[in-house]
Amino acid sequence: MKKTIFVVGAGKGLGNAVARKFGANDFRLVLMSRSAEHLAEYQKDMQGEGLEVETQVVDTSNQLLLAETMQQAIKTYGVPNVLFYNVGITIADEGVAGGITTELMMQRYNAEVLGAYTCIKQLLGEEFSDKQGTILITGGGLAMYPSAAYLPLSMHKAALRAMVQALHPVCKEQNVFLGTVQVCNTIGASEKYMPEKIAEEFWKMYQDHTDVEIVY
């Protein structure tokens, strides 16, 4: 029976690259994002590559709805072997119309940090433990080297890093691995940071189940 990965934050960059990496290693893919239109496009493309792909629309900024959606996905596709959480808004603050407000900060915090926590909570349990489940989180160099030009993203990547560090031993006690890859440059900015290269790091983390953090 194929293993399954839930990809929360599917997209043409890193999300889909990680999905394809796991799909090439005989995983069934459940792609999740806010856009049903985009998901249909990704599904068609990947099915054309011979991958087994399902989709689920999710809104990571609404925690009650996200919890319900995750439970529905688990009911439909079963408890996954892997959760990959890849949600982040990476545009510079100066490009935000109206500026960075506290309301915007809270909205992004919900989507980028609390969404990850909500997804983790829905999975932790006996069946995920029995599968030696894996939770992989996309981090960023801004967690360690914050920038005023990317203030919300700096704050939220730092919060994600703290969450992973704190919950890693808790998950380990439940036979679950939780880890993060800190991507320290703009994805696609160079050969090293092409999505496919970073996807290799997530695959390595999945296989090794050793370091809680890879700084890349």
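All of the points below concern the structure found in this document. (Residues numbered from 1 in each chain as written. Predicted model: local features only at pLDDT ≥ 70, side-chain atom pairs only at ≥ 80, totals over all residues. Heavy atoms only, no water.)

**Topic: the packing of helix H1 (residues 14–24) against helix H7 (residues 195–208)**
Then, in step 1: Two numbers describe how H1 lies on H7: the axes approach to 8 Å, and their chain directions differ by 55°. Overall, the two elements H1 and H7 adopt an arrangement that is oblique. Of the two elements, H1 crosses H7, and the hand of that crossing is right-handed. From H1, Leu14, Ala17, Val18, Lys21 and Phe22 reach across to H7, where they touch Pro195, Glu196, Ile198, Ala199, Glu200, Phe202, Trp203 and Tyr206.
Then, in step 2: The class makeup of the residues in the contact of H1 with H7 is 10 nonpolar, no polar and three charged. (Axes fitted to C-alpha atoms, helices over the stretch in contact; angles between N-to-C directions. Helix = DSSP H or I, 4+ residues; strand = E, 2+ residues; numbered from the N terminus. Parallel < 35°, antiparallel > 145°, perpendicular 65-115°, else oblique. Left-handed = near helix turned anticlockwise from the far one by under 90°. Contact = heavy atoms within 4.5 Å. Nonpolar A, V, L, I, M, F, W, Y, C, P; charged D, E, K, R; others polar.)

**A look at the environment of methionine 144**
Then, in step 1: For methionine 144, the position within the fold is in the loop between strand S5 (134–140) and helix H6 (151–173).
Then, in step 2: With 67 residues separating them along the chain, methionine 144 and tyrosine 77 place their C-alpha atoms 36 Å apart.
Then, in step 3: Sequence-distant contacts of methionine 144, defined by excluding residues within four places in its chain, comprise Arg161, Gln182, Cys184 and Val215.

**What about the environment of alanine 166?**
Then, in step 1: Structurally, alanine 166 is set in helix H6.
Then, in step 2: For alanine 166 and leucine 142, which are 24 residues apart along the polypeptide, the C-alpha to C-alpha distance reads 18 Å.

**Considerations on the side chain of arginine 28**
Then, in step 1: With respect to the element layout, arginine 28 can be found in strand S2 (residues 27–33).
Then, in step 2: Of the buried charged residues, arginine 28 lacks a salt bridge, with glutamate 52 as the closest side chain of opposite charge at 4.3 Å.
Then, in step 3: At 3.0 Å, the side chain of arginine 28 and the side chain of threonine 4 are in polar contact.
Then, in step 4: Discounting residues that sit within four places of it in the chain, arginine 28 has contacts with Lys2, Lys3, Thr4, Ile5, Glu52, Glu54 and Tyr77. (Buried < 20%, exposed > 50% of the residue type's maximum accessible area, 1.4 Å probe, protein only. Lys, Arg positive; Asp, Glu negative; His and termini not counted. Salt bridge = Lys/Arg side-chain N within 4 Å of Asp/Glu carboxyl O. Polar contact = N/O pair within 3.5 Å; in protein donor to acceptor, adjacent residues only side chain to side chain.)

**Focus on the nonpolar core**
Then, in step 1: In this structure, Phe22, Leu29, Leu31 and Leu136 are the most contacted members of the largest nonpolar core, which totals 31 residues.
Then, in step 2: When contributions to this core are tallied by element, the ones reaching two or more residues are strand S1 (3–8), H1, S2, helix H2 (36–48), strand S4 (82–85), strand S6 (177–183) and H7.
Then, in step 3: Excluding residues within four positions of it along the chain, phenylalanine 22 makes contact with Ile5, Phe27, Leu29, Val82, Leu136, Phe202, Trp203 and Tyr206.
Then, in step 4: Val79, Val87, Ile120 and Leu123 belong to the second-largest nonpolar core, a separate cluster that totals 30 residues. (Core = buried A, V, L, I, M, F, W, Y, C linked by side-chain atoms within 4.5 Å.)

**A few points about the pairing of S5**
Then, in step 1: Of all seven residues in S5, seven are buried; the element is thus mostly enclosed.
Then, in step 2: Side chains of S5 alternate between two faces, with Thr134, Leu136, Thr138 and Gly140 and Ile135, Ile137 and Gly139 buried alike.
Then, in step 3: Relative to S6, S5 runs parallel, the two sharing seven bridges. Paired with threonine 138 across the bridge in S6 is valine 181.
Then, in step 4: Read as a crossover between parallel neighbours, the route from S5 over H6 to S6 is right-handed. (Pairing = 2+ DSSP bridges. Right-handed = clockwise from strand over helix to strand, strands pointing away.)

**Here we look at the packing of helix H3 (residues 63–77) against helix H4 (residues 102–123)**
Then, in step 1: In the contact formed by H3 and H4, the axes pass within 9 Å of each other and the chain directions differ by 40°. Overall, the two elements H3 and H4 adopt an arrangement that is oblique. Where H3 crosses over H4, the two elements pack in a sense that is right-handed. Every residue of H4 that contacts H3 at Gln63, Leu66, Ala67, Met70, Gln71 and Ile74 is listed here: Asn110, Leu114, Gly115, Thr118, Cys119, Gln122 and Leu123.
Then, in step 2: Taken together, the residues of the contact of H3 with H4 break down into seven nonpolar, six polar and no charged.

**With respect to the pattern of salt bridges**
Then, in step 1: If you walk through the whole model with that rule in mind, you get six salt bridges.
Then, in step 2: Its salt-bridge partner being glutamate 41, residue lysine 12 comes within 3.2 Å of it at the nearest N-O pair. Of this pair, lysine 12 sits in the loop between S1 and H1 while glutamate 41 sits in helix H2, and the two are 29 residues apart along the sequence.
Then, in step 3: Salt bridges sharing partners connect three or more residues here, namely Lys2, Asp26 and Glu52.

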